[in-house]
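Take a look at the letters that make up each chain.
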Amino acid sequence: MTVISIQSQVAFGHVGNSAATFPIQLHGIDVVAVPTTLLSNRPGYPTIRGRVLDVQLVADLLQGIEERGAIESARMILSGYLGSADIGSDVADFVARAKAANPALLYCCDPVLGDRDRGMFVRSDVPPLVRDQLCPLADIITPNHFEFEFLCGARVTTIDDVVAKARALMARGPATIVITSAELAGTPTAEIETLAIERAESGDIRAWRVRTSRVPISPSGTGDLFAGLFTAARVRGLATPDALSHAASGIHGVLVRTAERGTEEMRIVESAGVMLDPKPRFAAVAIDASEYQGHVS
């Protein structure tokens, strides 16, 4: 089993591939990691070295792994932070070629664009490319609440809103939408909510939520780690609600360990056991269809 992971890489800390690769490998899955940036560390420190890679270099790397047969052996492509719209366009071309060559291959797009605290933190030409080129190719997307609102072009405050807007996005491509750090009316202030909405082969819409207790820290890379854990769970054969529970519970365990250590960077390596077998495990609860069916079109 192999995952092709295309996202940023840092020498120090845990974001992008530096957050996702180890957790995926921990689940017995090989990772072909293709960087879109090479940086000394994430933004937020007093200095940062390195740069977004030249688009031709990323294209050469993608062509190189294609020549080595990575597409045929892969079960999932995961993309994250792109660095530039040109790189995003090449990733879109690669994904389209890969899915044509291997029809069983799934694509998970983590649309790393911004968050509520900082707004958009990518170049202005990246968000429309992700929305219009990458998301329509995806089988799964894993936006945070801020990114989901951008993708659907509207504020989302209730589960009714979520399912209606998810249904519209699904009409353009992805069958599974996972929304992290959801901030909805009714979410307890002491908890973090993660939602999954999925279109069944029958066309029916199903939805689940996981609520984990809030840990009073906010390190960078949690979305990258979640996408890695969710991808690993799906590749290992877990259905969406079980994968949702596994990833959300694993993230919670890593955050608890990080808070105990008092570090800025997530304690991913020392949390290996927690990511494999999270305790406590927070269950994914099916959202009663009466909460939204009949209210969406």
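These remarks concern the structure in this document. Just so we're clear, the structure is a prediction, and the values are computed from it rather than from any experiment.

We now examine the packing of helix α1 (residues 17–26) against helix α8 (residues 222–235). Axis separation between α1 and α8 bottoms out at 8 Å; the angle between their running directions is 25°. Classified by the angle their axes make, α1 and α8 are roughly parallel. The hand of the α1/α8 crossing is right-handed. Contacts from A19, A20, P23 and I24 of α1 reach α8 at D224, L225, G228, L229 and A232. Looking at the contact of α1 with α8 residue by residue, the class counts come to 7 nonpolar, 1 polar and 1 charged.

What follows is about the packing of aromatic side chains. Evaluation of the coordinates by the stated rule reveals 2 aromatic pairs. Relative to Y45, the ring of F12 lies with its centre 5.9 Å away and its plane at 80°, an arrangement referred to as edge-to-face. Taken as a pair, F12 in the loop between β1 (2–10) and α1 and Y45 in the loop between β2 (30–39) and β3 (50–52) lie far apart in primary sequence, 33 residues in all. Judged by centre distance (6.0 Å) and plane angle (15°), the ring pair of F226 and F230 falls under stacked. Here F226 and its partner F230 are both found in helix α8, 4 residues apart, which amounts to about one turn of the helix. The burial state of F226 is the same as that of F230; both residues are buried.

Pairing between sheet strands relies on hydrogen bonds along the backbone, with the strands arranged either parallel or antiparallel. Judged by pairing direction, the sheet is mixed, and its 10 strands sit side by side in the order β3-β2-β1-β4-β5-β8-β9-β10-β11-β12 without closing on themselves. Edge positions in the sheet fall to β3 and β12 (285–286), since each of these pairs with one other strand and no more. With 9 bridges joining them, strand β10 (residues 191–199) and strand β11 (residues 205–213) adopt antiparallel strand pairing. Bridge pairing in β11 places I197 opposite A207. Sheet strands in contact with helix α7 (residues 159–170) are β8 (140–141), β9 (176–182), β10 and β11, and its direction is about 40° off that of β10.

Turning our eyes to something else, we now look at the nonpolar core. Formed by 50 residues in total, the largest nonpolar core has its most connected members in I77, L134, L195 and I197. Top contributing element to this core by residue count: helix α4 (residues 85–101), with 7 residues. If we ignore the near neighbours within four places in the chain, the residues touching I197 are V162, A166, M170, A175, T176, I177, I179, I205, R206 and A207. The next biggest cluster of nonpolar side chains, apart from the first, holds 33 residues, and it includes I24, V210, A227 and M266.

The full count for this structure, using the stated rule, is 0 disulfides. Here C135 stays free of any disulfide, with the sulfur of C109 as its closest cysteine sulfur at 4.4 Å.

The next thing to look at is the pairing of β2. Relative to β2, β1 is paired through 8 bridges, and the arrangement is parallel. Paired with T2 across the bridge in β2 is D30. Regarding the hand of the β-α-β motif, the stretch spanning β1, α1 and β2 is right-handed. Two elements, β2 and β3, share 3 bridges in a ladder whose sense is antiparallel. Bridged to L38 within β3 is R51.

Next up on the list: the pattern of salt bridges. The tally for this structure, following the rule as stated, stands at 20 salt bridges. Between R51 and D54 there is a salt bridge; the shortest N-O distance is 3.3 Å. The class of D54 is partly exposed, set by a relative accessible area of 47%. Of the charged contacts, one joins E149 and R116 as a salt bridge, the two residues approaching to 3.6 Å between their closest N and O atoms.

As a further point, take the pairing of β9. With 6 of 7 residues buried, β9 lies mostly within the body of the structure. Looking at chain direction, β8 and β9 are connected through 2 bridges and run parallel. From the neighbouring strand, I141 faces β9, where its bridge partner is I177. Taken together, the 5 bridges between β9 and β10 define a ladder with antiparallel strand orientation. Within β10, the position partnered with V178 by the bridge is A196.

Inspection of the secondary structure assignment puts T142 in the loop between β8 and α6 (145–152). One polar contact links T142 to D110, side chain to side chain, over a distance of 3.1 Å. Ignoring sequence-local partners within four residues, the contact set of T142 consists of C108, C109, D110, P111, V178 and A227.

Rules used in this analysis
- Throughout this document, residue positions are counted from 1 along each chain, in the order its sequence is written.
- Local features in a predicted model are, by the rule used here, given only for residues with pLDDT of at least 70; side-chain atom pairs are given and counted only at 80 or more, and totals for whole chains, interfaces and linings are based on all residues.
- Computation of side-chain values covers all heavy atoms of the structure but excludes hydrogens and water.
- Convention adopted: a line fitted to C-alpha atoms gives each axis, helices being fitted over their contacting stretch, and angles between N-to-C directions are expressed from 0 to 180 degrees.
- Numbering goes from the N terminus for both helices and strands, where a helix is a DSSP run of H or I of at least four residues and a strand is a run of E of at least two.
- If an angle is under 35 degrees, it is roughly parallel; if it is over 145, roughly antiparallel; if it lies from 65 to 115, roughly perpendicular; otherwise it is oblique.
- Left-handed is the label given to a crossing in which the near helix is rotated counterclockwise from the far helix by less than a right angle, and right-handed is the label when the rotation is clockwise.
- In this analysis, two residues are considered to be in contact whenever any of their non-hydrogen atoms come within 4.5 Å of each other.
- The classification used treats Ala, Val, Leu, Ile, Met, Phe, Trp, Tyr, Cys and Pro as nonpolar, Asp, Glu, Lys and Arg as charged, and all other residues, Gly among them, as polar.
- Only rings of Phe, Tyr and Trp enter the pairing, Trp through its six-membered ring, and a pair is recorded when the two centres are within 6.5 Å. The plane angle decides the type: under 30 degrees is stacked, over 60 is edge-to-face, the rest tilted.
- A simple rule labels every residue: compare its accessible area, found with a 1.4 Å probe on the protein chains alone, to the largest value its type can have, and call it buried under 20%, exposed over 50%, or partly exposed in between.
- Here, any two strands with at least 2 DSSP bridges between them count as paired.
- The criterion is simple. A nonpolar core is a set of buried Ala, Val, Leu, Ile, Met, Phe, Trp, Tyr and Cys residues joined through side-chain atoms within 4.5 Å.
- Any pair of cysteine sulfurs within 2.5 Å is marked as a disulfide.
- We call a crossover right-handed when, viewed with the strands running away from us, the connection from the first strand over the helix to the second turns clockwise.
- Salt bridges are defined by distance alone: a side-chain nitrogen of Lys or Arg within 4 Å of a carboxyl oxygen of Asp or Glu.
- Polar contact is the term for a pair of N or O atoms within 3.5 Å; when the atoms are in protein, one must be able to donate a hydrogen and the other to accept it, and sequence-neighboring residues count only if both atoms are side-chain atoms.

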